[in-house]
Every structure is written in C-alpha cells, then in structure tokens.
Amino acid sequence: MDKLTALFQKQKVFQKPAVQERIRILQDLKAAIKQHEKDILQALAHDLHKSEQEAYTTEIGIVYEEINHTLKHLHKWAKPTRVKTPLTHIGSKSMIIKEPYGSVLIIAPWNYPFQLALSPLVGAISAGNAVILKPSELTPAVSQVISTIIKHVFQEDHAAVVEGGVDVSTELLKLPFDYIFFTGSVAVGKVVMEAAAKHLTPVTLELGGKSPSIVMPDADIKLAAKRITFGKFTNAGQTCIAPDYLLVHESIKEELLREMTACIRDFYGEHPETHPHFGKNVSQRHFDRLTQFLSNGTIVTGGQRNEQELKIAPTILDHITWDDPVMQEEIFGPILPVMTFDSLHEAVHMIKARPKPLALYLFTTNKETETYILDNLSFGGGCINDTLMHVATPYLPFGGVGESGMGRYHGKDSFFTFTHEKSVLRQTNRFDFSFRYPNAKNGLDLVRKFLK
Ligand code: NAD
C-alpha cells in the first residue's frame, strides 16, 4: 500500500472526538499558531512579500477569529436538534443528529496560503472529521510552517499535511474521501468535481472569476476610490474576491480615476514596484501572464515592472472592451481594466450575460439602485460601498454561485459544511396505529383523512 493510501486508511477508521475534546484541540491549534506567528509572517513575506500588517489582518487574524467564533458556539451547533413531529406521526419524536462526514480532503491555493488552508480545517475539525490538507506547492515556506503546526497539534490519523503539486493532488483525488473542500481556479475545480463524482463524494468548490465593481454617479467618489484601490491592490491583486474590473458611469469616470491614482500613490508611494508593502506576483509564469495585459487599452497609471522581484505596479487600464485579452479571464493581479456604462440597465445586462461572479461591489447612495442590483444580479457575495469586507465576518456565509463555486463556509456554515445532518425519528412502543398496515380495515379512508 502506498503512503497516501495508508494515511487515508488510518483516517478512515478515526473515531470522532467528543465536542469537549474538539474544543481542547482547537484551543491547542490556536496556541500553536500563536507560538509560530513569527514563522508564519516570515514565510508569507518570503513567498508573497506580504507586509506584516497585511499578513496579520488577512491571514493570521482571520483564522484566530474563526477559531474564537467556533469555540464560542460549537456546543450549540453540535447538539442534536429536536424538531416538530406532524400529527400523522403522533407518539414519536424527531431529531437531527450532527455527524461528521468522516475523512475530509482540503486542497488549498497559494494566494492566502495560510488562511485558506486553516479556515476550512477549523470547520472540518470542529465538526469531528479527520483531515488531509494539501497546501499549494507555489508557497513552499508557508506550506512548511503549516505542516509543522499541524504535526505539533494533531495525531496523524486526525489531521495531516500532505505537501506537493498536481501529481500529489491527482493521487489524493483518487481516494474515496467522504468530503472534498477545494479552493482554487475554475478549471481545476472541474477536475476536482469530476474526480469526486467517481466516488459520489460531496464537494465544496471555492472558485474564482471576474468580479465587477460598479460605481454610480451618486456614489461618494473619494471613498469609493479608496476602497476599490484597497480591495484591488491588496496582495497585489491576487485575491479571489478582488474587484476584477471597474464598471463606472461615464459621467464620473475621469473623477474616479483621478482619485484612484491619488490613492495608489498614498498607499504605495511613487514607485510601488519597489515598495516593501506592495506584494509580488507568485511566480515568473504569473508575472509574464500579467505583463501581456499591460498592452491592452491605455494606461492611466502604473505599468512599471520589477522583474527581479516579480512586481508590477498597480495599473489602471482605460478604453477597454470585452474583446480585450484582459477581459477574457480572471486577472488575479494588480491590473484594473475600466469599462463604462450610461444606464444601470446596461451595466446589469453586461454582467448577466457572463458567468455569475464570485463577488460584486456596488458604490451608490441610492437605495433604489441598491435594491435593483440585489434583485437582478446573482453573485456569490459582495458589498455595498465597500470591497472585500464581507469575507472577514464569521456571520456571513462565504462562497460562490454558478461558475464561481458551490457551497459556503465561515462560522456556523463551516461547521455545517463538514457535517451530515442525520434525521432520526424515535417511535413510541406504547401504542401502534393499525391503519397504515395493508391488512387494516378502512385503512385507506383514514389515511385519506390525514393526507389530503
Ligand atoms: P489552482 O486551481 O491552480 O490550484 C489550487 C490547488 O489545486 C493547489 O493546491 C494545486 O496544487 C492544486 N491543483 C492544481 N492543478 C491541479 C490539478 N490538475 N489536479 C488536482 N489538483 C490541482 O489555483 P491557484 O492558482 O492556487 O489559486 C488561484 C485561483 O483560486 C483563482 O482562480 C482564485 O480566484 C481562486 N481562489 C478562490 C478562492 C475562494 O475562496 N473562492 C480563494 C482563493 C483563490
């Protein structure tokens, strides 16, 4: 038996820990993360040039929040729930038991390599599962720290990290896991779902796509500029829910672009491509792919490249059409194409004609506009008058719809994602209605009275 299968088999027979034990383990996990905080920050700086502020806010802090929230609510979530019993079932009691799926595979991406590996792990562990976690091969320093932390906290049959690239992932996907949680690209999401289908394994797919930011003439332009700049260029644009492109009302385009240009300078200085707080692109391949987009439309600001450090300055591209290469795929980098519209109806039409976005951001002060967009467009989640912030609360379920993914997690939804809700009816033996049996006299008449 190869090593992966042996590990899988060990986890397959893992006995689910009692809720109190899960709580103890999650506390240990939090303590181990605290103990390794410096290593995590160093690894994130090494792999992605993340500044300490960005790394703490978007990676470590979010995981602490997820653990804290889970610790606070786990007893309540994990308790069997009593539900009503209809008159037809009189005498019996109905309950829903929260049962872990069993063995879980989590495959994580490189862009938030710590948070996107650990957050789903917290959910899977809180629900009582055993987990194999495969971090991304593109962020090896972070992957190694995660492996150290997991080894420190868990026995191998409970949670283990398996490092490696596509080959390892492919081997893992051949195993009959009870649940697969995947975060990554749409293309690989399809590979995962196909592999899962062979074993009828349920999946959560946290994918990507092109997320629009719509800016209306009645928006607070200065604030919109600041918040879009923040959302787009955090982690050098390598955020699944980053505004991928701007849809701005023609009448305010010049003003918005002027404000955004000023914000970029305020955030990252005159030379963002060498600024220590501005992130790098993860690999030469990603850097080269992004470089090709720089010749699309006309550059409003940015365009400077620092090949040695794999950095491209925050760039805004104007005069873009849907036919430009930059509009054919998720950008996933510090390049923001700008398109305009004259009427809200036109903007909605453009978005509706394309795959459902993972996120959508609307900047307006008009309630009717807000309602119109929320009523007429389907997207995973988003914000009115902000970007990214909906991902950072444990009270909002996070996930995609259509091509941007399926399933949701964070907070309570993480627990329930990794939980099978087992419905059980406990019947009374004190009496037994005979009318349901085939030999009952007038049985059908009685059944008809109840079920009509
Ligand atoms: P990716 O799909 O290339 O890789 C993700 C993971 O899958 C990695 O661990 C990788 O080793 C593995 N993998 C790659 N190819 C595989 C294959 N053929 N078979 C099996 N496994 C394979 O994604 P990425 O480049 O790491 O991340 C970027 C993408 O992820 C973007 O599209 C982004 O929008 C998306 N993303 C989504 C979310 C979300 O929460 N919805 C979060 C972050 C990133």
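Residues numbered from 1 in each chain as written. Predicted model: local features only at pLDDT ≥ 70, side-chain atom pairs only at ≥ 80, totals over all residues. Heavy atoms only, no water.

Caption draft 1: Summary view of the domain arrangement of the protein chain. What the domain assignment lists for the protein chain is domain 1 (2-207 + 402-424) and domain 2 (212-392). A C-alpha centroid distance of 30 Å is found between domain 1 and domain 2. The interface of domain 1 with domain 2 comprises 19 residues on the first partner and 21 residues on the second. In total, about 1,700 Å² of surface goes out of reach between domain 1 and domain 2, with carbon and sulfur atoms giving 58% of it. Along the contact surface separating domain 1 from domain 2 lie zero salt bridges. There are eight residue pairs in polar contact (both at pLDDT 80 or more) connecting domain 1 and domain 2. Only helix 3 (37-48) and helix 4 (52-78) provide two or more residues apiece to the side of domain 1 that touches domain 2. (Domains from an automatic or database assignment. Contact = heavy atoms within 4.5 Å. Buried area = accessible area lost by both parts, 1.4 Å probe. Salt bridge = Lys/Arg side-chain N within 4 Å of Asp/Glu carboxyl O. Polar contact = N/O pair within 3.5 Å; in protein donor to acceptor, adjacent residues only side chain to side chain. Helix = DSSP H or I, 4+ residues; strand = E, 2+ residues; numbered from the N terminus.)

Caption draft 2: Fine view of the nonpolar core. Of all hydrophobic cores here, the largest spans 80 residues; its most connected members are Leu-29, Ile-33, Phe-114, Leu-121 and Leu-246. Among the elements that take part in this core, helix 4 stands out by supplying eight residues, more than any other. Here this core spans two domains, since at least three of its residues come from each of domain 1 (2-207 + 402-424) and domain 2 (212-392). Once you skip the residues sitting within four places of it in the chain, Ile-33 turns out to touch Ile-40, Ile-60, Val-63, Tyr-64, Ile-67, Phe-114, Leu-118 and Ile-149. Counting residues in each nonpolar core, the second largest holds 29 residues, with Leu-290, Ala-347, Ile-351 and Leu-360 among its members. (Core = buried A, V, L, I, M, F, W, Y, C linked by side-chain atoms within 4.5 Å. Buried < 20%, exposed > 50% of the residue type's maximum accessible area, 1.4 Å probe, protein only.)

Caption draft 3: Broad picture of a nonpolar patch on the surface. Side chains of Leu-87, Ile-90, Phe-431, Phe-433, Leu-446, Phe-450 and Leu-451 sit close together on the surface and give an oily, nonpolar patch of about 660 Å² of accessible area. Note on placement: Phe-450 falls in helix 15 (residues 443-450). Classification of Phe-450 by relative accessible area gives partly exposed; the value is 37%. (Patch = residues over 30% accessible without salt bridge, like charges linked within 9 Å, V, L, I, M, F, W, Y side chains within 5 Å. Areas by Shrake-Rupley, 256 points an atom, 1.4 Å probe, with all protein chains shown as cover.)

Caption draft 4: Seen up close, the sheet that holds strand 7 (residues 203-206). Strand order in the open sheet formed by six strands is 5-4-3-6-7-17, with mixed pairing between adjacent strands. The open sheet has two free edges, formed respectively by strand 5 (159-161) and strand 17 (405-406), since each of these has just one partner strand. Pairing of strand 3 (residues 103-107) with strand 4 (residues 130-134), which is carried by five bridges, proceeds in the parallel orientation. Bridging from a neighbouring strand, Ile-106 pairs with Leu-133 of strand 4. (Pairing = 2+ DSSP bridges.)

Caption draft 5: Spatial organisation of the UniProt feature "active site" (unreviewed entry) in the protein chain. Listed under "active site" (unreviewed entry) in the UniProt record, and renumbered for this structure, are Glu-206 and Cys-240. Spatially, the listed residues are clustered: although they cover 35 residues, their C-alpha atoms lie within 9.1 Å of one another. Here, the largest cavity is lined by Cys-240 out of the annotated residues. By the element assignment, Glu-206 lies in strand 7. For Glu-206, a relative accessible area of 3% corresponds to the buried category. (UniProt positions renumbered as here; feature names shortened; annotations may be inferred. 1 Å grid on protein atoms, 1.4 Å probe; cavity = no way out; pocket = protein on both sides within 12 Å on 5 of 7 lines; lining within 4 Å.)

Caption draft 6: A look at empty space enclosed by the protein. Tallying each qualifying case throughout the model produces one cavity of 30 Å³ or more. Size it by volume and the largest cavity reaches roughly 50 Å³. (Points joined across faces, edges and corners; volume = space filled by probe spheres on them.)

Caption draft 7: Representation of the environment of Asn-235 within the structure. Inspection of the secondary structure assignment puts Asn-235 in the loop between helix 9 (221-233) and strand 9 (245-249). A relative accessible area of 0% places Asn-235 in the buried class. Put simply, Asn-235 and Ala-108 are 127 residues apart on the chain and 17 Å apart in space, counted from C-alpha to C-alpha. Asn-235 has contacts with Lys-50, Glu-54, Asn-111 and Tyr-112, leaving out every residue within four places of it along the chain. A distance of 2.8 Å separates a polar side-chain atom of Asn-235 from the backbone oxygen of Asn-111.

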